[in-house]
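Residue strings, one per chain:
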Amino acid sequence: MVAEPANTELNPRIVGPRAEAEAAQALVGQARLRPNPEISLEVENIAGSGAFSGLSATEYTLAVGQRLELGGKRGTRVEAARAQAQLADLRADLAGAELGFLVRERYVAAAAAASRVELALDVVERNEELARIAGLLVEVGREPPLRALRAEAALAEAQAELQAAEATSLAARTALASLWGDQGAPPLVPSRFPGIEPPGAVMATASGLQLRVARAESTAAAAEIDRERSLRIPDPVVSAGVRRFEESNDSAFLLGVSIPLPFLNRNQGNIAAAEARLRAANAREAVALADFEQAVTRARSQYLAAEARVETLSTTSLPQAEEALRLVRIGYRNGRFPLIEVLSAAEARDAIREALIAAQEDRGQAAAELIRLAAQ
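Residues numbered from 1 in each chain as written. Predicted model: local features only at pLDDT ≥ 70, side-chain atom pairs only at ≥ 80, totals over all residues. Heavy atoms only, no water.

**Some details on the overall build of the protein**
At step 1: From N to C terminus, the protein includes six helices and four strands.
At step 2: For the protein, the α and β elements follow one another from N to C terminus as α-β-β-α-α-α-β-β-α-α.
At step 3: For the protein, the C-alpha radius of gyration of 38 Å lies well beyond 21 Å, the compact-globule estimate for 376 residues.
At step 4: Expressed as a percentage of its 376 residues, the buried residues of the protein come to 37%.
At step 5: Once local pairs closer than 6 in sequence are excluded, the contacts in the protein between residues at least 24 apart make up 80%.
At step 6: Accessible area for the protein stands at about 21200 Å²; split by element, carbon and sulfur atoms hold 56% of it.
At step 7: Charged side chains in the protein number 42 positive and 50 negative. The centres of these two groups are separated by 4 Å. (Helix = DSSP H or I, 4+ residues; strand = E, 2+ residues; numbered from the N terminus. Rg over C-alpha atoms; globule rule 2.2 N^0.38 Å. Buried < 20%, exposed > 50% of the residue type's maximum accessible area, 1.4 Å probe, protein only. Contact = heavy atoms within 4.5 Å. Areas by Shrake-Rupley, 256 points an atom, 1.4 Å probe, with all protein chains shown as cover. Lys, Arg positive; Asp, Glu negative; His and termini not counted. Charge placed at Lys NZ, Arg CZ, Asp CG, Glu CD.)

Structure follows, in structure tokens:
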């Protein structure tokens, strides 16, 4: 199994999308709120001339107004906010799935790099032994000096390959540690590949998070059209208040209503833009579905092919190459085979081990991709 990054809730790859989801949920609450009432105070007939000089003829009007939302504005506003909140939640879930994929992908790469370091160490040890034996055989006259030089050259080449493998392993482990935000020493990763099993029913239903996000985008775009269309209908403002006449010391109640006249602005531009965004979202959904099916088919084929290679290499090819190398090395020690035969058998065995590591890496990467695609 592959461990998830510690302190996932503090991981920037998760914090950002989760914060966006929280913001979208807050906007749902905001969308439910009704318009605030308005209070107004008017003072008339003040500081005029003649009978209106001073404050003797002043009239004071205190009124409270309330805008009434018509055309289902509040309902469509809430539904649009809910659609955006659902979309933000799915994107946050997708970010978590993507982080899990990166962990699996980079862990598999680190395990493959560690396996190659292990292979390079074995090659160095083998070539050191061959160089030692070649030197002894040259001393007793059973091998020409050229054989010893060939063995020394092979050893130097193996040591260089070991250094390159160690550098690659360090880079892979550093990339894995970066997912934790760890700036210290990269973690040690064993050469044993993790057991990553792809979901068996990944082809049964096309309902991965990527598709759900695309569908949620279409839903949010459709809800936005309804919201924009509701804004075509003007909202009246109803007011009520009291007026006081300073001259006669009398008071009177008053009622009023005002309605905007939608002669020029009927929100037609915003409606057209929302309809265009819905068409774009529907197109992205269709593309996402096609890409999803293609990605699943490709990843599944890669997994099955890599699994078949692992099975063949580990159960047939590698044991045969190991046995051939063992027999040649015995014969070389007894003087029955030249050094070139040992090197040839060893190179054949090493090539199979490298092919097995590559197949295991390919299988792990394909399994990680299938898990990402099937994430719910």
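Next comes the rest of the description.
**Structural notes on the packing of aromatic side chains**
At step 1: Summed over all chains, the structure comprises zero aromatic pairs.
At step 2: Cation over ring: Arg-372 sits above Phe-101, and NZ or CZ is 5.2 Å from the ring centre. (Phe/Tyr/Trp six-rings, centres within 6.5 Å; stacked < 30°, edge-to-face > 60°. Lys NZ or Arg CZ within 6 Å of the ring centre and 35° of its normal.)

**Quick word on the nonpolar core**
It is characteristic of soluble globular proteins that their nonpolar side chains tend to be buried jointly.
At step 1: Formed by 53 residues in total, the largest nonpolar core has its most connected members in Leu-130, Leu-179, Val-189, Phe-193, Tyr-332, Leu-339 and Leu-373.
At step 2: Going through the elements one at a time, α2 (73-139), α3 (145-178), α5 (268-333) and α6 (339-373) are the ones with two or more residues in this core.
At step 3: Looking at which element gives the most residues to this core, the answer is α2, with 20 residues.
At step 4: The residues touching Leu-373, leaving out its near neighbours within four places in the chain, are Gly-208, Gln-210, Phe-292, Ala-295, Val-296 and Ala-299. (Core = buried A, V, L, I, M, F, W, Y, C linked by side-chain atoms within 4.5 Å.)

Function-wise, these values are silent; they only describe arrangement.
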